[in-house]
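So you can see what is in the structure, the chains are spelled out below.
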Amino acid sequence: MDIFDYIESHSTPENEVLRFITRDTYCNVLNPRMVSGHIQGRLLAMISRMIQPQRILELGTFTGYSALCLAEGLPEGGMLTTVEHNDELEDTIRRNLALSPLSSKIHLVINDAKVFLAGYQQAFDLVFMDADKREYCAYLDLLLAERADGTSLLPVGGWLLADNTLWDGHIIDPAYDRDPQTIALRRFNDQVAADPRLEKVILPIRDGLSIIHRIS
């Protein structure tokens, strides 16, 4: 038994739907490692339950695993909007979500994340960012942008979870100094670190998960 096996065996297990999504993703979808998986999924669910958000936004659905985990924390009347740009995954996502009683709280949008953010109006209590890494800075700018009425998509008190912010260790590896995704993630991490409106911490779970709280 290695340390990861130990962690899994001492954490709340996945439910049957999440186990099915994991197995099916690894059997039938390209880049299955992108699925959040057991431990990160339990962390997302726990954070969502602690925050009790009425409105959640997910950027990057993949096969629906993380959406179902985040939706576990939605109170009565809460809604999660998840945005996926890859329309080839739509049927798989809808099938997977339909397996869970939480599906009625999840609204799937097939669109580019930047296009969605630029055209959306209502604020979110919790955002999970797991889409194109090269666009993380653009997503952040759109989430924080103040509109004419003084509101923003991520208001004061809102929470942002950004996935993959350690990028398998490449974030500090000079061998990846010319890699576009690594460069973009470094820029995002630096932007978050320098913004006094944001309280932040990076957790070394899986590929790195940043927890960001807008405080002003």
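Source: prediction; values computed, not measured. (Residues numbered from 1 in each chain as written. Predicted model: local features only at pLDDT ≥ 70, side-chain atom pairs only at ≥ 80, totals over all residues. Heavy atoms only, no water.)

## Some remarks on the nonpolar core
- Of all hydrophobic cores here, the largest spans 30 residues; its most connected members are Leu 68, Leu 70, Leu 80, Ile 106 and Leu 161.
- Counting residues per element, the ones that place at least two in this core are helix 2 (16-28), helix 3 (38-51), helix 4 (65-71), helix 5 (90-98), strand 3 (106-110), strand 4 (126-129) and strand 7 (209-214).
- Ranked by residues supplied to this core, first place goes to helix 4 with six residues.
- Once residues lying within four places of it in the same chain are set aside, the contact partners of Ile 106 are Ala 67, Leu 68, Ala 71, Met 79, Leu 80, Thr 82 and Leu 97.
- Among the nonpolar cores identified, the runner-up in size contains 28 residues, and Tyr 136, Trp 167, Phe 188 and Ile 212 belong to it. (Core = buried A, V, L, I, M, F, W, Y, C linked by side-chain atoms within 4.5 Å. Buried < 20%, exposed > 50% of the residue type's maximum accessible area, 1.4 Å probe, protein only. Helix = DSSP H or I, 4+ residues; strand = E, 2+ residues; numbered from the N terminus. Contact = heavy atoms within 4.5 Å.)

## Comments concerning the packing of helix 7 (residues 136-144) against helix 8 (residues 180-194)
- Viewed as axis vectors pointing N to C, helix 7 and helix 8 meet at an angle of 35 degrees, and their least axial separation amounts to 8 Å. Facing helix 7, whose interface residues are Tyr 136, Cys 137, Leu 140 and Asp 141, helix 8 presents Ala 184, Leu 185, Arg 187, Phe 188, Gln 191 and Val 192.
- Considering only residue class, the contact of helix 7 with helix 8 consists of seven nonpolar, one polar and two charged. (Axes fitted to C-alpha atoms, helices over the stretch in contact; angles between N-to-C directions. Nonpolar A, V, L, I, M, F, W, Y, C, P; charged D, E, K, R; others polar.)

## Examining the packing of aromatic side chains
- Tallied over the full model, the rule gives four aromatic pairs.
- When the ring of Tyr 120 is compared with that of Phe 124, the centres are 5.3 Å apart and the planes differ by 25 degrees; the resulting orientation is stacked.
- Ring centres 5.2 Å apart and planes at 75 degrees place the aromatic pair Tyr 136 and Phe 188 in the edge-to-face group. Taken together, the positions of Tyr 136 in helix 7 and Phe 188 in helix 8 put the pair 52 residues apart, joining distant regions of the chain. One exposure class covers both Tyr 136 and Phe 188, and it is buried. (Phe/Tyr/Trp six-rings, centres within 6.5 Å; stacked < 30°, edge-to-face > 60°.)

## Quick look at the side chain of Ser 66
- Looking at the element boundaries, Ser 66 is found in helix 4.
- Residue classification places Ser 66 among the buried residues on the basis of a relative accessible area of 5%.
- There is a polar contact of 2.4 Å between the side chain of Ser 66 and the side chain of Glu 58. (Polar contact = N/O pair within 3.5 Å; in protein donor to acceptor, adjacent residues only side chain to side chain.)

## Quick word on the environment of Asp 163
- Here Asp 163 is to be found in strand 5 (residues 159-163).
- You can call Asp 163 buried: its relative accessible area is 2%.
- Separated by 37 residues in the primary sequence, Asp 163 and Lys 200 place their C-alpha atoms 13 Å from one another.
- Once residues lying within four places of it in the same chain are set aside, the contact partners of Asp 163 are Gln 40, Phe 128, Met 129, Asp 130, Lys 133, Tyr 136, Gly 208 and Leu 209.

## Some thoughts on the sheet that holds strand 3
- Read across the sheet, seven strands follow the order 3-2-1-4-5-7-6 without closing on themselves; strand pairing throughout is mixed. Only two strands of the sheet have a single partner each, and these edge strands are strand 3 and strand 6 (198-203). Pairwise comparison of adjacent strand axes, ignoring direction, gives a mean angle of 15 degrees for this sheet.
- In this sheet, strand 4 lies alongside strand 1 (residues 55-59) in parallel orientation, the contact comprising four bridges. Residue pairing for strand 4: Ile 56 is matched across the bridge by Leu 126.
- The strands that helix 5 touches are strand 2 (79-84) and strand 3; relative to strand 3, the one it contacts most, it runs at about 180 degrees.
- Set on the sheet, helix 7 makes contact with strand 1, strand 4, strand 5, strand 6 and strand 7; between it and strand 4 the angle comes to about 165 degrees. (Pairing = 2+ DSSP bridges.)

## Details of the pattern of salt bridges
- A full pass over the atoms with the stated rule returns eleven salt bridges.
- Between Glu 90 and Arg 94 there is a salt bridge, with its nearest N and O atoms 2.9 Å apart. Placement of both Glu 90 and Arg 94 in helix 5 is noted, with a separation of four residues, approximately one turn of the helix.
- By relative accessible area, Glu 90 is classed as partly exposed at 25%.
- The residue Arg 186 makes a salt bridge to Asp 177 at a minimum N-O spacing of 2.8 Å. (Salt bridge = Lys/Arg side-chain N within 4 Å of Asp/Glu carboxyl O.)

## Thoughts on a nonpolar patch on the surface
- Judged by side-chain polarity, Met 1, Ile 3, Phe 4, Tyr 6 and Ile 7 come together as a nonpolar surface patch covering roughly 580 Å² of accessible area.
- Within the element layout of this structure, Ile 3 appears in helix 1 (residues 3-9). (Patch = residues over 30% accessible without salt bridge, like charges linked within 9 Å, V, L, I, M, F, W, Y side chains within 5 Å. Areas by Shrake-Rupley, 256 points an atom, 1.4 Å probe, with all protein chains shown as cover.)

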